[in-house]
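The lines below spell out each chain.
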Amino acid sequence: MRIVFLGTPEFALPILETCARVGQLVAIVAQPDRPVGRSGKPQRPASKRWAEERGIPVEQPEKVKQGRLAAVLQRHAPDVAVVAAYGRILPGDALSVPKEGSLNVHASLLPELRGAAPAQWAVARGYSRTGVTIMQMDEGLDTGDIRLQRALDIAPDETGESLLRKLSALGAEALEDALRRLERGDLQRLPQDHSRATLAPPLTREDGRVDFSRTSRELDQRRRGFTPWPGAWTTVGGAVLKIHRALPLASGGEEPGKVVAAGADGIDVSCGDGTLWRLLEVQPEGKRPMPAPAYVAGRRLRAGDRLGA
């Protein structure tokens, strides 16, 4: 089976390796090299580095519409295209090129969490279970038929980053099963129930801004879900304060955003419904992460001060 793989970041690598093991991987399509970090130098995406180390052709079209991506796929005559975190919606002319169409490895149990950041939002919204879906792609946003699914429990201390690693490995296993079934001709198709759909939109920096009117449990879910980016952050005297570790407490809060206690145990901040959020590790703007008591000592933060003001 001739396979063209479309994917860009580290998440895609276990899935990419499955393609190489199960079929004939004839080409990899990734997004163009982009500037990364303070240097601003263009960096090769993870899938490109992987391909070049193995002598597999790499394609990086700047645009995918108006036949551009379709022409790339036609050059390699794939039986199937496999897509995982490519970062772009494939147009209809490209989807129709492979004989068996295009299979997407999506990091949720569709129709839940359609969109760009399903693992992060699963943690941020307090899901206890998620998984991966092998989906037959159409022109919609994760609306195609379900071909195969695998479920996974979300750990109580899960972060968006750790869950994404687990889902990457699970997606690779699910894809291997799906490709072998596809080759045998016994891979099922199940239309999605669109009435049950939820969205997992791309993350923005503002998603990390702490809204203390939420309960401390909700805030801690969001902190973990948005790790490593955009993280959880608030402001103190107009300066950004990132929150790296924290503990939700059931009760004892007052006005949301008010510091109730600040000392050796950390910084206890009032949140919604009378809950408290104990900040354990923070990072002041322009400085390195530090234990919350060290921040208290250095800034002389005390009970009665407000965060987010």
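First things first, this report covers the structure right here in the doc. (Residues numbered from 1 in each chain as written. Predicted model: local features only at pLDDT ≥ 70, side-chain atom pairs only at ≥ 80, totals over all residues. Heavy atoms only, no water.)

## Section: the environment of Val83
Rules: Counting from the N terminus, the helices are the DSSP runs of H or I reaching at least four residues and the strands are the DSSP runs of E reaching at least two. With a 1.4 Å probe rolled over the protein chains alone, any residue whose accessible area is under 20% of its type maximum counts as buried; one over 50% counts as exposed, and the rest are partly exposed. Any pair of residues with heavy atoms lying within 4.5 Å of one another is described as a contacting pair.
When you line up the elements, Val83 lands in strand β6 (residues 80-84). Relative accessible area serves as the criterion here: at 4%, Val83 is assigned to the buried category. As a C-alpha pair, Val83 and Leu179 span 96 residues in sequence and 13 Å in three-dimensional space. Excluding residues that lie within four positions of it along the chain, Val83 makes contacts with Leu6, Leu90, Leu103, Asn104, Val105 and Met137.

## Overview of the pairing of β6
Operational definition: What makes two strands pair is DSSP finding at least two bridges between them.
Among the 5 residues that make up β6, 5 are buried, leaving the element largely enclosed by the rest of the structure. Where burial is concerned, the two faces of β6 agree: the one with Val80, Val82 and Ala84 and the one with Ala81 and Val83 are both buried. Inspection of the sheet shows strand β1 (residues 2-7) paired to β6 by 5 bridges, in the parallel sense. Within β6, the residue paired with Leu6 across the bridge is Val83. Examined bridge by bridge, β6 and strand β7 (residues 102-106) share 3 bridges and lie parallel to one another. Note on β7: the bridge partner recorded for Val82 is Leu103.

## Considering helix α3 (residues 68-76)
What counts is decided by this rule: Throughout, the arc means that of the directions going from the helix axis to the C-beta atoms.
Within the span of α3, buried status applies to Leu69, Ala70, Val72, Leu73 and His76. Take α3 and look down its axis: the buried residues cluster within an arc of 160°, on one side only. Exposed positions of α3 whose direction lies more than 90 degrees from the buried face are Gln74 and Arg75. Considering only its buried residues, α3 is in contact with β1, β2 (24-29), β5 (58-59) and α4 (92-95). Immediately downstream of α3, the backbone of Ala77 shows phi near 45°, a positive value.

## Here's the deal with the sheet that holds β6
One open sheet accounts for 7 strands, arranged β5-β2-β1-β6-β7-β8-β9; its pairing is mixed. Of all strands in the sheet, those bounded by a partner on one side alone are β5 and β9 (146-153). In the sheet, β7 pairs with strand β8 (residues 129-136) via 4 bridges, with the strands oriented antiparallel. When the sheet's bridge partners are listed, Val105 is paired in β8 with Ile134.

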